[in-house]
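Breakdown of the fold
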Amino acid sequence: MAVLIAKWVIFVITSLLAIVSSLLMITRRNTIHSALFMILAFVASAILYLLLGCQFMAMIQIIVYAGAVMMLILFVIMMIDLSKEEKLKMKVTRTKIAGVIVSVLFMLALILVMGLNSVKGKLGALSSIGDAKTIGTLLFTKYLLPFEVASILLLAAMVGAVMLSKKKAFGGEDQ
Amino acid sequence: MASYIWLIPFFPMVGFLINGLLGVKFKRSWIHIIAASAIGLSFLTTLILFFELLKVEPHARHFENVIFDWIVAGKFHTQVAFMLDPLSVVMALVVTGVSFMIHIYSGGYMHDDPGFRRFFVYLNLFVFSMLILVLSNSFLLMFVGWEGVGLCSYLLIGFWFEKDSAANAGKKAFVVNRIGDFGFILGLFLIVTTLSKHGIWSLNFDVVFKNAELFSPATVTAITLLLFVGATGKSAQIPLYVWLPDAMEGPTPVSSLIHAATMVTAGVYMIARCNVLYSMAPGTMEVVAVVGVLTAFFSATIALVQNDFKRILAYSTVSQLGYMFVGVGVGAFSAGIFHLMTHAFFKGLLFLASGSVMHAMAGELNIQKMGGLKKFMPVTFWVFMMATLAISGIPGFSGFFSKDEILWQSFHRGHIFVWIMGTLAAGLTAFYMFRLTFVAFFGKPRMDEETKHHLHESPKVMTYPMIVLAIASVVGGYVGIPPVLGGSNRFEKFLEPIMGGGGHEAVKEGAHAVAHASASLEFTMMAVSVIVALIGITVAYVFYIKNPELPVRLARGMRGLYTLLYNKYFVDEFYNSVFVQGTKDFATFLWQKVDVGIIDAIVNGVASIVESCGGLIRKLQTGYVQTYAFSILVGGVVVFVYFFWESLF
Amino acid sequence: MIPVQAYFVVSAILFIIGVIGAITRRNAIVVFMSIEMMLNAVNLTLIATSSYLHSIDGVMFVFFVMTVAAAEAAVGLAIFLMMYRKKDTIKLDEFNLLKG
């Protein structure tokens, strides 16, 4: 019982943390602040993964997002002079208002459908799902082809990123 | 041997490609050597094949050389294939032989022209197309050659296109030829549609002629008349002869090669090739013979009073082509081809000699400003004389044998009217040719001192080919000496397997009548034509050597007739006001009323409707990526609501 | 026992926050981060479902989604660099080449 209460407490806290920090992320005018709030939201998500018994994915989440993607974003922010963007005031247009309204309605619909309906099948979270060994075995057996495709995708993305960020790539003058 | 036939057109094509694609930097002498040797090799191949052909039995003289499948469309199937038989080998020999001489000659004649390379490129292309025409084994490939020579003719008439008159003459030749070609291709369509009803899908000569009985008399008359329309265009017969005199705007070797010796005879060749079909349509034959003789007579009368050296020769060409049509029209197909061959020699030579005169006279063509050239240009004079004697039908020269053959055949096959007109035209021919000779080469020089000072004989590169052709003009007739003069008419025998007319009755009867004609009658005929020619020569002598005021007085006395002849019966003016102006008016109507008023209005109306609709819809495209993201979201919501409609409420 | 619906609600909220960010913000990098947030919300749903249905497939899905997200990050950020070089800004209203 105590465990269950502890779980609920952790769940509520981390959920709120994720929601609040992602809200802050989309509202901060300073891009670096946004980025830091995003890390926070992702870490909170990682804790939720742990709560669901998926340790491996939680680790990956932190390594990939908080580590790699975050570093990239910060590097780009560093390279680009964002002072103009940061001075921008929120411009309220009809499209944006409509967008927010539709989004909120959509969220309500989602909660209505997913949150209040019962889920069929084996219920109850596993204490552990997807440890490194299981996932590794699966990756090299059942999911071998997608795995290889994913590796090619990463290679292509790497080459693409290099090509795009080269100064001369599209006929621009060299430095 | 059949496998070598493709070499004949191959060499000119190679010459065309080398000079045309790579020749920009070549020296002029190289270009000349490449072009001339291409034709020379082709001539040599033809000669070898000719002798090989002679070794074969007369009735087995038919070889085909298939190059590749050309059109395979459903049941219709045609190949690019060349055919060698007595007729095509004679044509190929004439074409390559005369072209070879003219190629050599052109090296001297065109020496200082800026378009030297272009000239030889066109010339080789022309010989290539002409060989395709004569060697093809089907109507379709023949048509390719037919159009190819038409194109080259256009390009070469307008060779000096910076001159308006040359560009217009080229255009005229092209348009007039197009009218003829339209008839020709309609004839081909009629052949295909008729034969396909019987399950035969081919335009090969063999197949068409073998199945000629399938045509009804009306159909075959229509086919042959349509093909003859094509022939009148290409071979400058009434009513489509008007382009040929204007074609003299081109360089003289071109006039010689294309507009005298080879291309213009394509119509005669085509009719001779289709003799099976023509024999089945006596009505058409009559039309061909009458058109031929009328052309021969009327263009000869025009030539009487012209003063332009090359125009006289041009009308003479039209007239001689008329003779050839008389030959094929009365059913003496080999006589027509015989005249074609001898004419190629002497008319080619006449033009070359006129080019030589022009060369010496700095481009002057008015014979009234010449005179006494004999002294300055002996070689040109003598070769010109040979050709003149040949064309006038003086016994012993080639023209005598061929022209006499035609006249005699027409008399004996019962075409008396044709014979009378033809004989008269022969007298006129002798007259105007000797008028030309006497005015240009005899008498006192009438050119100005400057020109006279520069008069000179042409270089050897020009005179030698002329001498070769002069020899051919003299001896060319000896291959076809008629039996009555102790010969055996080997030329006719050689062509006999092809010219049988498909063994048709009318032709057989005609040949029968000819074979059984009495020798004395034939001698009388010959004597008549020789006397007529001599009268023509004598009159010319009296008019232009003895008594030069006489023609002037005569012209003044018969003002009306003279003006009519001098202005070529006003045919050009007539065509211009009726056809050309009519077409222009109609086109203007179509342009201003129909095109601008109706078609453009419809098109513009549709465009403006589309434009205004587009103007409304384009507002959806803001260009901002977030608007697009928003529409994705809306789409997602719609899909979601659609699928979860029940669980929502 | 935390019901799986609780996780769904959280991920729905996170997803919609991402959508709102992507639609309203004009800073390209923030838009990009919002999109990552949407991916993250979906990942959460997948893992929750996987855990509750005792099936590993959802987790594998998340693995590949992350791979794609990483690739997208690399290319996307390189594109922002290009955009910046061209126009000296990454304000999204400056890029309206698709305007009709």
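The numbers attached to residues start from 1 for each chain and follow its sequence in the written order. Chains and ligands are labelled by the order in which they are written, letters from A for the one and numbers from 1 for the other. Local features in this predicted model are restricted to residues whose pLDDT is 70 or higher, and side-chain atom pairs enter the listing and the counts only when it is 80 or higher, whereas totals over whole chains, interfaces and linings include all residues. Values shown for side chains rest on all heavy atoms present in the structure; no hydrogens or waters enter the calculation.

Moving on to the overall build of chain A. Across its full length, chain A carries seven helices and zero strands. The secondary structure elements of chain A, listed N-terminal to C-terminal, are α-α-α-α-α-α-α. For 175 residues, the compact-globule estimate of 2.2 N^0.38 gives 16 Å, and chain A exceeds it by more than 25% at 21 Å. Principal-axis analysis of the C-alpha atoms places the extent of chain A at approximately 65 × 45 × 25 Å. Here chain A holds 175 residues, and the buried ones make up 33% of them. If you sum the accessible surface of chain A, you get close to 10,200 Å²; carbon and sulfur atoms cover 75% of it. On chain A, the mean spot of the 16 positive side-chain charges and the mean spot of the 7 negative ones are 13 Å from each other. For the purposes of this entry, the term helix denotes a DSSP run of H or I that reaches at least four residues, the term strand denotes a run of E that reaches at least two, and both are numbered from the N terminus. Note that the radius of gyration is over C-alpha atoms, with the globule rule given as 2.2 Å times the number of residues to the power 0.38. Exposed residues in this analysis have more than 50% of their type's maximum accessible area, buried residues have under 20%, and partly exposed residues fall in between, with area computed by a 1.4 Å probe over protein chains only. Residue-level accessible areas treat just the shown protein chains as cover; the underlying method is Shrake-Rupley with a 1.4 Å probe. Residues scored as positive are Lys and Arg, those scored as negative are Asp and Glu, and His as well as the terminal groups of each chain are ignored. Working definition for charges: the position is that of NZ of Lys, CZ of Arg, CG of Asp or CD of Glu.

Within chain B one finds 29 helices and two strands. Principal-axis analysis of the C-alpha atoms gives chain B an extent of 125 × 60 × 50 Å. Residues counted as buried form 55% of the 649 residues belonging to chain B. Any two residues whose heavy atoms approach within 4.5 Å at even a single point are treated as in contact. Excluding contacts between residues fewer than 6 apart, the proportion of contacts in chain B whose partners are at least 24 apart in sequence is 81%. For chain B, the accessible surface area stands at approximately 26,800 Å², while carbon and sulfur atoms represent 70% of it.

So, about the interface of chain A and chain B. Listed by partner, the interface residues are eleven residues for chain A and eight residues for chain B. Defined here as a combined quantity, buried area equals the accessible surface (1.4 Å probe) lost by two parts on assembly, summed across both. Carbon and sulfur atoms supply 88% of the area buried between chain A and chain B, which totals about 890 Å² over both sides. The rule for a salt bridge is simple: a side-chain nitrogen of Lys or Arg has to be within 4 Å of a carboxyl oxygen of Asp or Glu. Counting across the interface, chain A meets chain B through zero salt bridges. We call two N or O atoms a polar contact when they sit within 3.5 Å, provided that within protein one can donate a hydrogen and the other can accept it, with sequence-adjacent residues counted only if both atoms are side-chain atoms. Taken together, the links from chain A to chain B amount to zero residue pairs in polar contact (both at pLDDT 80 or more). Of the residues assigned to the side of chain A that touches chain B, the class counts are seven nonpolar, four polar and no charged. Under the scheme applied here, ten amino acids are nonpolar (Ala, Val, Leu, Ile, Met, Phe, Trp, Tyr, Cys and Pro), four are charged (Asp, Glu, Lys and Arg), and all others, including Gly, are polar.

As a further point, take the packing of helix α3 (residues 86-109) of chain B against helix α10 (residues 252-261) of chain B. Residues and elements named next belong to chain B. In this analysis an axis means a line fitted to C-alpha atoms, helices contributing only their contacting stretch, and an angle means the value between N-to-C directions, from 0 to 180 degrees. Viewed as axis vectors pointing N to C, α3 and α10 meet at an angle of 165°, and their least axial separation amounts to 9 Å. Taken together, the axis directions place α3 and α10 in an arrangement best described as roughly antiparallel. In terms of crossing hand, the pair formed by α3 and α10 is left-handed. Packed against α3, whose contacting residues are V98, S99, I102, Y105, S106 and Y109, the element α10 presents T252, P253, S256, L257 and A261 at the interface. In terms of residue class, the contact of α3 with α10 is built from seven nonpolar, four polar and no charged. Under this scheme an angle from 65 to 115 degrees is roughly perpendicular, one under 35 degrees roughly parallel, and one over 145 degrees roughly antiparallel; angles in between are oblique. Crossings are classed by handedness, with left-handed meaning an anticlockwise turn of the near helix from the far one by less than a right angle and right-handed meaning a clockwise turn.

On to the domain arrangement of chain B, then. How big an interface is tends to be reported as the loss of accessible area on association of its parts. For every domain, the bounds stem from an assignment made automatically or drawn from a database. For chain B, the domain assignment lists domain 1 (118-198 + 237-565) and domain 2 (572-648). Each of domain 1 of chain B and domain 2 of chain B has a C-alpha centre, and the two are 59 Å apart.

With that out of the way, let us pick up the domain arrangement of chain A. What the domain assignment reports for chain A is domain 1 (1-113) and domain 2 (131-168). For domain 1 of chain A and domain 2 of chain A, the distance between their C-alpha centroids amounts to 25 Å.

Taken together, the contacts link 73 residues of chain C with 89 residues of chain A. Summed over both partners, the interface of chain C with chain A comes to about 7,200 Å²; 79% of that surface belongs to carbon and sulfur atoms. Our count for the contact surface shared by chain C and chain A stands at one salt bridge. With a shortest N-O distance of 3.6 Å, K142 of chain A and D57 of chain C are connected by a salt bridge. Put simply, chain C and chain A have eleven residue pairs in polar contact (both at pLDDT 80 or more) between them. Those elements that provide at least two residues to the side of chain C that touches chain A are α1 (4-24), α2 (28-53) and α3 (57-87) of chain C. Here the side of chain C that touches chain A takes 23 residues from α3 of chain C, the largest share from any one element.

Further remarks concern the environment of A266 of chain B. All names here are of chain B. Relative to the assigned elements, A266 resides in helix α11 (residues 266-273). Distance from A266 to M91, taken between C-alpha atoms, is 9.4 Å for residues 175 residues apart in sequence. Those residues within four positions of A266 in sequence are excluded, and the remaining contacts are M130, L133, W146, K234 and S235.

Residues and elements named next belong to chain B. If you walk through the whole model with that rule in mind, you get nine salt bridges over all chains. Note that R273 and D85 form a salt bridge whose closest N and O atoms lie 2.8 Å from each other. Placement of R273 in helix α11 and of D85 in the loop between β2 (76-84) and α3 is noted, with a sequence separation of 188 residues between them. Of the two residues examined, R273 and D85, each falls in the buried class. Overlapping salt bridges, with partners in common, bring together K172, D246, R311 and D572 in one network.

Our focus in this paragraph is the packing of helix α1 (residues 2-27) of chain A against α2 of chain C. Closest axis-to-axis distance for the α1 of chain A/α2 of chain C pair is 9 Å, and the angle between their directions is 155°. In terms of axis orientation, α1 of chain A runs roughly antiparallel to α2 of chain C. The handedness of the crossing between α1 of chain A and α2 of chain C comes out as left-handed. The segment α1 of chain A lies against α2 of chain C, with S22, M25 and I26 of chain A engaging V30, M33, S34 and M37 of chain C. Taken together, the residues that form the contact of α1 of chain A with α2 of chain C break down as five nonpolar, two polar and no charged.

Relative to the helices and strands, F75 of chain A resides in helix α3 (residues 55-79). C-alpha of F75 of chain A to C-alpha of L51 of chain A: the two residues are 24 residues apart in sequence and 32 Å apart in space.

Time to look at the confidence of the model for chain B. Per-residue confidence for chain B gives a mean pLDDT of 87, with 96% of residues at or over 70. Averaged over each element, pLDDT in chain B is lowest for helix α23 (residues 505-515) of chain B (56) and highest for helix α4 (residues 116-135) of chain B (93). Per-residue confidence from the predictor is given as pLDDT, running between 0 and 100.

This part covers the pairing of strand β1 (residues 63-73) of chain B. Residue and element names in this part refer to chain B. Judged from the nine bridges that link them, β1 and β2 form a sheet pairing that is antiparallel. Within the sheet, the bridge partner assigned to F63 lies in β2 and is L84. A pair of strands is considered paired only if DSSP assigns at least 2 bridges between the two. Hairpin connection, β1 to β2: the antiparallel pair is bridged by two residues, and G74 has positive phi, about 60°.

This brings us to a nonpolar patch on the surface. Residues M90, V92, I97, I101, V104, L105 and L108 of chain A make up a contiguous nonpolar surface patch of roughly 650 Å² in combined accessible area. Position of I97 of chain A among the secondary structure elements: in helix α5 (residues 94-116). To count toward a patch, a residue needs a relative accessible area above 30% and no salt bridge. Like charges then connect within 9 Å, nonpolar side chains (Val, Leu, Ile, Met, Phe, Trp, Tyr) within 5 Å.

Another point: the packing of aromatic side chains. Residue and element names in this part refer to chain B. Any two of the Phe, Tyr and Trp rings considered here, Trp counted by its six-membered ring, make a pair once their centres fall within 6.5 Å; the pair's planes then place it as stacked at under 30 degrees, edge-to-face at over 60, or tilted in between. Per the counting criterion, the structure on display carries 50 aromatic pairs over all chains. Taken together, a centroid distance of 6.0 Å and an interplanar angle of 15° make the contact between Y105 and Y109 stacked. Taken together, the positions of Y105 and Y109, both in helix α3 and four residues apart, correspond to about one turn of that helix. Each member of the pair Y105 and Y109 is classed as buried. A centroid spacing of 5.5 Å and a plane angle of 80° characterise the contact between F297 and F298, whose relative ring orientation is edge-to-face. Take F297: its relative accessible area is 17%, and that puts it in the buried class. The class for F298 is partly exposed, based on a relative accessible area of 31%. One aromatic cluster is present, formed by F309, F381, W382, F384, F434, F438, F441, F442 and Y541 through successive ring pairs. The residue whose ring lies beneath R118 is F159, and the NZ or CZ to ring-centre distance is 4.3 Å. Geometry around F174 places R178 over its ring, the cationic atom sitting 4.8 Å from the centre. Geometrically, a charge over a ring is one whose NZ (Lys) or CZ (Arg) sits within 6 Å of the ring centre while staying within 35 degrees of the ring normal.

Before going further, it helps to spend a moment on the nonpolar core. F139, W243, I271 and F309 of chain B are the most contacted members of the largest nonpolar core, which has 206 residues in total. Broken down by element, the residue count for this core peaks at 17 residues, all from helix α15 (residues 333-360) of chain B. If we skip the residues at most four places from it in the chain, I271 of chain B touches F228, A231, Y278, V288, F325, V328 and F333 of chain B. Among buried residues, those of type Ala, Val, Leu, Ile, Met, Phe, Trp, Tyr and Cys that are joined through side-chain atoms within 4.5 Å constitute a nonpolar core. Of all hydrophobic cores here, the second largest spans 89 residues; its members include M38, A41, A46 and V69 of chain A.

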